[in-house]
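One-letter residues, chain by chain:
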Amino acid sequence: MTQPVTHAPADSLPAPTPAVSDRALPVRDRILNAATALFYAEGIRAVSADKIIQAAGITKVTFYRYFPSKDDLVVAYLENRAAWERAGISHVLARAANHPSIALGLVARALGDEACVPGFRGCAFLNAGAEYPDPEHPVRVVIDEHRRWGIRTAREALEKIGVPDAESVAEELMMLRDGAMISGYVSDPSTVGQNLFKAGRAVIQYRG
């Protein structure tokens with residue numbers, strides 16, 4: 001779940017823990033990798049700028065040169081995560097471009113695999129949203145943009161197979177995805193992918 005800046009997405013969504021001590025990375029990437037690991041593992045509000053500075057092996061002056069505020073870093077963290085997830089999901093969907101039902105299964109399996117990764121703590125965007133209640137805050141803007149991308153992507157796939165009211169169905173699938181991420185964290189993650197696929201298929205068949 002804690003995805004490094006320098007890694008390309010694979011067929012599934014989980015990513016290895018970033019090497020926060022790797023001094024070979026550019027400074028900005030080192031800061032972002034350190035923040036990614038700490039924010040996801042401990043919570044955004046619980047992690048101080050000083051802790052990130054120590055993990056990245058830099059000075060305060062260097063930190064604030066790249067990120068004038070902690071919120072700027074949180075926004076960059078979520079934008080990076082969003083870009084990675086979009087690339088990963090787009091790659092999965094491309095493997096089944098003419099078979100949206102197969103694509104649903106691949107995405108569900110990828111999310112299920114993600115829930116089984118050691119250190120999984122649910123969805124980074126839901127977690128961040130819970131810590132930033134103001135819908136106008138830049139952090140919430142990034143979260144909203146990413147979720148709208150997810151709904152739009154699902155809607156386009158549903159339209160290809162002729163599902164009526166594809167926008168509403170896409171929103172329902174997003175709700176299932178949210179529930180799966182929470183379930184994968186608080187209960188047995190091994191059934192998440194299978195259950196998400198079955199629930200999503202049931203919704204599509206019912207609405208179709």
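Right, let's walk through the structure included here. (Residues numbered from 1 in each chain as written. Predicted model: local features only at pLDDT ≥ 70, side-chain atom pairs only at ≥ 80, totals over all residues. Heavy atoms only, no water.)

Some remarks on the pattern of salt bridges
Link 1 in the chain: Tallying each qualifying case throughout the model produces 10 salt bridges.
Link 2 in the chain: Put simply, Glu 159 and Arg 155 hold a salt bridge, and the shortest N to O gap is 3.4 Å. Of this pair, Glu 159 and Arg 155 both sit in helix H7 (residues 138–160), four residues apart, which is roughly one turn of the helix.
Link 3 in the chain: Taking relative accessible area as the criterion, Glu 159 reaches 46% and is therefore assigned partly exposed.
Link 4 in the chain: For Arg 155, a relative accessible area of 22% gives the class partly exposed.
Link 5 in the chain: Its salt-bridge partner being Asp 178, residue Arg 177 comes within 3.2 Å of it at the nearest N-O pair.
Link 6 in the chain: Given the relative accessible area of 15%, Arg 177 is considered buried.
Link 7 in the chain: Looking at Asp 178, the relative accessible area reads 11%, which means it is buried.
Link 8 in the chain: Linked through salt bridges whose partners overlap, the residues forming this network are Arg 155, Glu 156, Glu 159 and Glu 167. (Salt bridge = Lys/Arg side-chain N within 4 Å of Asp/Glu carboxyl O. Helix = DSSP H or I, 4+ residues; strand = E, 2+ residues; numbered from the N terminus. Buried < 20%, exposed > 50% of the residue type's maximum accessible area, 1.4 Å probe, protein only.)

Let's talk about unusual backbone geometry
Link 1 in the chain: Of note in the backbone geometry, Asp 165 takes a positive phi value of approximately 50° without being a glycine.
Link 2 in the chain: Here Asp 165 is to be found in the loop between H7 and helix H8 (166–186).
Link 3 in the chain: Owing to a relative accessible area of 44%, Asp 165 belongs among the partly exposed residues under this scheme.

Considerations on the packing of helix H4 (residues 70–94) against H7
Link 1 in the chain: Between H4 and H7, the least distance of the axes is 9 Å, while the angle of their chain directions is 10°. What the angle tells us is that H4 and H7 run roughly parallel. In this structure, H4 contributes Val 74, Val 75, Leu 78, Glu 79, Ala 82, Glu 85, Arg 86, Ile 89, Ser 90 and Leu 93 to the contact, and H7 contributes Pro 138, Val 139, Val 142, Ile 143, Glu 145, His 146, Trp 149 and Thr 153. (Axes fitted to C-alpha atoms, helices over the stretch in contact; angles between N-to-C directions. Parallel < 35°, antiparallel > 145°, perpendicular 65-115°, else oblique. Contact = heavy atoms within 4.5 Å.)

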